[in-house]
Amino acid sequence: MSSVVIKNPSRQSQARLKCYLKSVAWCCVWVASAASAHVESYDLNQGLQIADLTAAGKAISQAQSGAATPQDLALDNPTYWNSTYQNTTSVGVFSGVSYGEYNGGASVQVNDVTDFGWGAGTQATLGDSHKVDFFNFRLRHDAQVDISWTVSAGSSLLDSAFSLYRGLPVYQGHDDTVTDALNPLGAGFVKVQNAKDTGTVVDAQGNLSPFRDTLNNAEAYVGQFNALAGWSQANAAGNWSALQLVQAVNDLHTRASNDSTRITEHLAIALAAGDYSIAAGGALLPGSTSFGLSNLSGQLTFSYTSAVPVPAAGWLFASLMPGLLATGRRRKSFIKQGRCRRLEFDFNRAQKTTRRTEKNVVTGVAADKVIAVE
């Protein structure tokens, strides 16, 4: 946590500090068991868990976001998906990984899930970000996306849940940094508002910081993970990002069941092109319905399908079709009218010729000299 230098504190300050420490004491039970690693994300486009970017990768991330300083956000361009630009782990078993322009997907099995990680993020004190698993993906076009998530403990299936966000968390992000303090204190150990979580700060991705009240919160925050709204986080290097909630997915199932149709959480949703993140875990509540289980198995399946655009020539041809059809109909109409007029003309000419012949016969003119009237 952020360090505070105490110099001859007054009795009032001591009382405030004692009260504050008492309010966070119970939080330490959960925080103490947090994994040593900070936020690392399973990249569903690459089929790898990315731990962090290298210096070269952070420079690319800076160019990608247009920021003034190096960034630590997932790289969009497959050209840089190698060890020169990013550090990967061997965690997670991927299958069916495909990153096409218009369709693709992946499935990944992880074994570091807690039964309460997501559930803690629904509480007023929020949740420890180490207790949920993070996944990310990029869509190059608007797409229909399908996501499923299941948590299991051996043969038993536990209540699972996940939240979908627009934006990416910074690699190696964690709760309570100098840049984004968890429970900030000012002079005299008085609570102050976190400068990043005012709801007015924009990150390198263009995402607006959500509001997190660190001035009037009744209890100290356990973590910064919010399962039901947007939230932000930073890493030790000072990189900071905000996530904007798209949808939280949990049907409030029973604590445990073997009925996978009731436990597997599923979301089918239309999304605009861009970067997205998923935070997934168990949905039980710490200190209440949770069994306190960790290192559970989780299975996430993801797929997307975008509409393949029709080439420009195709659109032009399609736009001309009604006109061509109309022209064809008019041409047929003209032909019919022309045929009718021709038949009428031939009939009239025949009548005139007959009358002329009859007249000439009467006057003694030879029929072979009859001149047809054109």
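Residues numbered from 1 in each chain as written. Predicted model: local features only at pLDDT ≥ 70, side-chain atom pairs only at ≥ 80, totals over all residues. Heavy atoms only, no water.

J.: Describe the overall build of the protein, listing the residues and the values that go with them.
T.: Within the protein, the regular secondary structure consists of 6 helices and 16 strands. In the protein, of all internal contacts separated by at least 6 residues, the share reaching a separation of at least 24 is 76%. When the accessible surface of the protein is summed, it comes to about 19400 Å², and 57% of that surface belongs to carbon and sulfur atoms. (Helix = DSSP H or I, 4+ residues; strand = E, 2+ residues; numbered from the N terminus. Contact = heavy atoms within 4.5 Å. Areas by Shrake-Rupley, 256 points an atom, 1.4 Å probe, with all protein chains shown as cover.)

J.: For the environment of Arg140, give the residues involved together with the corresponding values.
T.: Its place among the elements puts Arg140 in the loop between β6 (133-139) and β7 (143-153). Remark: the alpha-carbon pair of Arg140 and Gly274, spanning 134 residues in sequence, is separated by 6.5 Å. Residues in contact with Arg140, not counting those within four places in the same chain, are Tyr99, Gly100, Glu101 and Ala273. At 3.3 Å, the side chain of Arg140 and the backbone oxygen of Tyr99 are in polar contact. A polar contact of 3.4 Å, which involves the side chain of Arg140, links it to the backbone oxygen of Gly100. (Polar contact = N/O pair within 3.5 Å; in protein donor to acceptor, adjacent residues only side chain to side chain.)

J.: I'd love a proper account of the confidence of the model for the protein, names of residues and values included.
T.: In this model, the protein carries an average pLDDT of 81, and 70% of its residues clear a pLDDT of 70 or more. Every residue in residues 254-261 is under pLDDT 50, and counting partners more than four places away or in other chains gives 18 contacts. Contacts of residues 361-374 to residues separated by more than four positions or lying in other chains number 11 contacts, the stretch itself having pLDDT below 50. (pLDDT = per-residue confidence, 0-100.)

J.: Can you lay out the pattern of salt bridges for me, pointing to particular residues and giving the numbers?
T.: Evaluation of the coordinates by the stated rule reveals 5 salt bridges. For the salt bridge of Lys58 with Asp72, the shortest nitrogen-to-oxygen distance reads 3.9 Å. Placement of the pair is Lys58 in helix α3 (residues 55-65) and Asp72 in the loop between α3 and β3 (86-88), with a sequence separation of 14 residues. Under the relative-accessibility criterion, Lys58 is labelled partly exposed at 21%. Residues Asp76 and Arg138 are paired through a salt bridge, measuring 3.4 Å at the closest nitrogen-oxygen approach. (Salt bridge = Lys/Arg side-chain N within 4 Å of Asp/Glu carboxyl O. Buried < 20%, exposed > 50% of the residue type's maximum accessible area, 1.4 Å probe, protein only.)

J.: Give a description of the packing of aromatic side chains that names residues and reports values.
T.: The tally for this structure, following the rule as stated, stands at 11 aromatic pairs. Measuring from ring centre to ring centre gives 5.2 Å for Tyr42 and Phe135, while their planes differ by 25°; the resulting arrangement is stacked. Of the two residues, Tyr42 sits in strand β1 (residues 41-43) while Phe135 sits in strand β6, which places them 93 residues apart along the sequence. Both residues of the pair, Tyr42 and Phe135, count as buried. Here the aromatic cluster, defined as three or more aromatic residues joined through ring pairs, consists of Tyr42, Phe94, Phe135 and Trp149. Its end group placed over the ring of Tyr221, Arg212 keeps NZ or CZ at 4.8 Å from the ring centre. (Phe/Tyr/Trp six-rings, centres within 6.5 Å; stacked < 30°, edge-to-face > 60°. Lys NZ or Arg CZ within 6 Å of the ring centre and 35° of its normal.)

J.: With reference to specific residues and values, describe the pairing of strand β12 (residues 240-249).
T.: Both strand β9 (residues 160-166) and β12 contribute to a ladder of 5 bridges, which runs antiparallel. Note that in β12 the partner of Ser163 across the bridge is Ala248. Where strand β11 (residues 231-235) and β12 come together, 4 bridges link them in antiparallel fashion. For Ala234, the partnering residue across the bridge sits in β12 and is Trp240. Between the antiparallel neighbours β11 and β12 lie 4 residues, among them Gly238 with a positive phi of about 100°. (Pairing = 2+ DSSP bridges.)

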